[in-house]
Amino acid sequence: MNLRQLRSLTVAANRKRNLDLAPLADAVNLQDLFVQGHWKGIEVISHLPDLATLSLSSFAGKNRLDFVSSIASLKKFTLILGSRANLGDFSHQTLEKLGILRVSGLGTLGDLGRFPALSALQVHDQLKLVEVDLRHVGLEWLSLFNCKNLRTLPGLELQDRLQEFEACRVGLDLDSLRDRTWPATTRAVRLISTREKWNVEAEKKLAERKLSSEVSRWI
């Protein structure tokens with residue numbers, strides 16, 4: 001395989017998850033990479049000059065993520081499945097989109113200020129998460145789904161560029177979110193509780209304020 005010709009690549013898991021990724025050092029034109037269940041030699045991708053989108057699925061919690069910090073061109077990073085207690089071992093100066101999906105044992109996202117360019121955040125199926133601190137970021141898009149113990153969003157009141165907001169099956173006060181004054185930039189708010197009647201009424205009330213329930217998907 002001529003790795004230099006690749007723009008996009010998916011590396012699926014095998015039974016032993018023992019594939020050596022070191023040859024990816026030659027994929028100098030790679031822009032989009034999805035890796036499932038492999039980690040041997042993955043540090044080489046930190047030197048790929050055009051890598052803009054990276055997704056890691058079932059990435060072992062014993063392995064650090066600090067190599068992600070060195071991917072200079074990275075704009076979007078998604079972490080799927082696997083397990084780890086926190087994300088404090090990596091940061092990024094130009095990352096714009098961050099997705100955290102079904103990562104077992106995750107108790108905190110930490111200070112999101114270590115991603116100063118972050119504009120879109122997706123957090124799904126994080127059952128230990130009790131807080132997402134937004135005080136040091138300026139988001140345009142925020143999606144929170146199935147985070148049943150999530151109780152607080154410090155800094156939500158500071159998000160004056162927010163365009164779309166989604167909170168489904170979370171521990172947040174949905175009544176308060178429904179009735180709050182959203183920024184002038186906000187075009188869509190989607191709130192879903194476990195009560196269908198409440199959901200219908202909330203969507204109606206938000207629609208009366210010209211807020212759509214249709215939130216776009218970027219993941």
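The structure contained in this document is the topic of the report that follows. This structure is a prediction, so every number in the text was calculated from the model and none was measured.

Remarks on the nonpolar core
Ranked by internal contacts, the top residues of the largest apolar core, which has 62 residues, are Phe-77 and Phe-165. Setting aside residues no more than four positions away along its own chain, Phe-165 makes contact with Leu-142, Leu-144, Leu-153, Leu-156, Leu-177, Trp-182, Ala-188, Val-189, Arg-190, Leu-191 and Val-215.

Here's the deal with the layout of surface pockets
The space that makes up the largest pocket amounts to roughly 160 Å³. Considering the residues around the largest pocket, the lining is formed by Met-1, Leu-3, Leu-6, Leu-9, Thr-10, Val-11, Leu-19, Asp-20, Leu-21, Pro-23 and Leu-24. Residues of the lining of the largest pocket, tallied by class, amount to nine nonpolar, one polar and one charged.

Considering the packing of aromatic side chains
The full count for this structure, using the stated rule, is four aromatic pairs. Ring centres of Phe-59 and Phe-67 lie 6.1 Å apart, and the angle between their planes is 55°; this geometry places the pair in the tilted category. For the residue pair Phe-59 and Phe-67, the accessibility class agrees, reading buried in each case. Relative to Trp-182, the ring of Phe-165 lies with its centre 5.0 Å away and its plane at 45°, an arrangement referred to as tilted. Pair noted here: Phe-165 is in strand β8 (residues 164-170) and Trp-182 is in the loop between α1 (174-179) and β9 (188-192), with a separation of 17 residues, a long-range link. Phe-165 sits in the buried class, given a relative accessible area of 0%. Judged by its relative accessible area of 9%, Trp-182 is buried. What links up through ring pairs into an aromatic cluster is the set Phe-77, Phe-90 and Phe-115. The lysine or arginine in question, Arg-180, covers the ring of Trp-182, its NZ or CZ lying 4.5 Å from the ring centre.

Looking at the sheet that holds strand β4 (residues 76-80)
The parallel open sheet is built from nine strands, whose spatial order is β1-β2-β3-β4-β5-β6-β7-β8-β9. Where the open sheet ends on each side, the last strands, each with one partner, are β1 (8-11) and β9. Each neighbouring strand pair of the sheet contributes to a mean axis angle of 5°, computed without reference to strand direction. Relative to strand β3 (residues 53-57), strand β2 (residues 32-36) runs parallel, the two sharing five bridges. Across the sheet, the residue bridging to Val-35 is Leu-56, located in β3.

Considering the side chain of Ser-58
Tracing the backbone shows Ser-58 in the loop between β3 and β4. Ignoring sequence-local partners within four residues, the contact set of Ser-58 consists of Arg-17, Gly-37, Trp-39, Ile-80, Leu-81 and Gly-82.

With respect to the pairing of β9
Counting buried residues along β9, four of its five residues qualify, which places the element largely inside the surrounding structure. Examined bridge by bridge, β8 and β9 share five bridges and lie parallel to one another. Counted as the bridge partner of Glu-166 is Arg-190 from β9. On the question of chirality, the crossover connecting β8 to the parallel β9 by way of α1 is right-handed.

Comments concerning the environment of Arg-64
Inspection of the secondary structure puts Arg-64 in the loop between β3 and β4. Ignoring any residue separated from it by four or fewer positions in sequence, one finds Arg-64 in contact with Phe-59 and Asp-89. Polar contacts involving the side chain of Arg-64 include one to the side chain of Asp-66, which spans 3.0 Å.

With respect to the side chain of Gln-126
Along the polypeptide, Gln-126 turns up in the loop between β6 (120-124) and β7 (141-147). Judged by its relative accessible area of 1%, Gln-126 falls in the buried class. Here Arg-102 takes part through its backbone nitrogen, which lies 3.1 Å from a polar atom of the side chain of Gln-126. Contacts of Gln-126, omitting those with residues within four sequence positions, involve Ile-100, Leu-101, Arg-102, Val-103, Leu-106, Asn-146 and Cys-147.

Conventions and cut-offs
- Residues numbered from 1 in each chain as written.
- Predicted model: local features only at pLDDT ≥ 70, side-chain atom pairs only at ≥ 80, totals over all residues.
- Heavy atoms only, no water.
- Core = buried A, V, L, I, M, F, W, Y, C linked by side-chain atoms within 4.5 Å.
- Buried < 20%, exposed > 50% of the residue type's maximum accessible area, 1.4 Å probe, protein only.
- Contact = heavy atoms within 4.5 Å.
- 1 Å grid on protein atoms, 1.4 Å probe; cavity = no way out; pocket = protein on both sides within 12 Å on 5 of 7 lines; lining within 4 Å.
- Points joined across faces, edges and corners; volume = space filled by probe spheres on them.
- Nonpolar A, V, L, I, M, F, W, Y, C, P; charged D, E, K, R; others polar.
- Phe/Tyr/Trp six-rings, centres within 6.5 Å; stacked < 30°, edge-to-face > 60°.
- Helix = DSSP H or I, 4+ residues; strand = E, 2+ residues; numbered from the N terminus.
- Lys NZ or Arg CZ within 6 Å of the ring centre and 35° of its normal.
- Pairing = 2+ DSSP bridges.
- Axes fitted to C-alpha atoms, helices over the stretch in contact; angles between N-to-C directions.
- Right-handed = clockwise from strand over helix to strand, strands pointing away.
- Polar contact = N/O pair within 3.5 Å; in protein donor to acceptor, adjacent residues only side chain to side chain.

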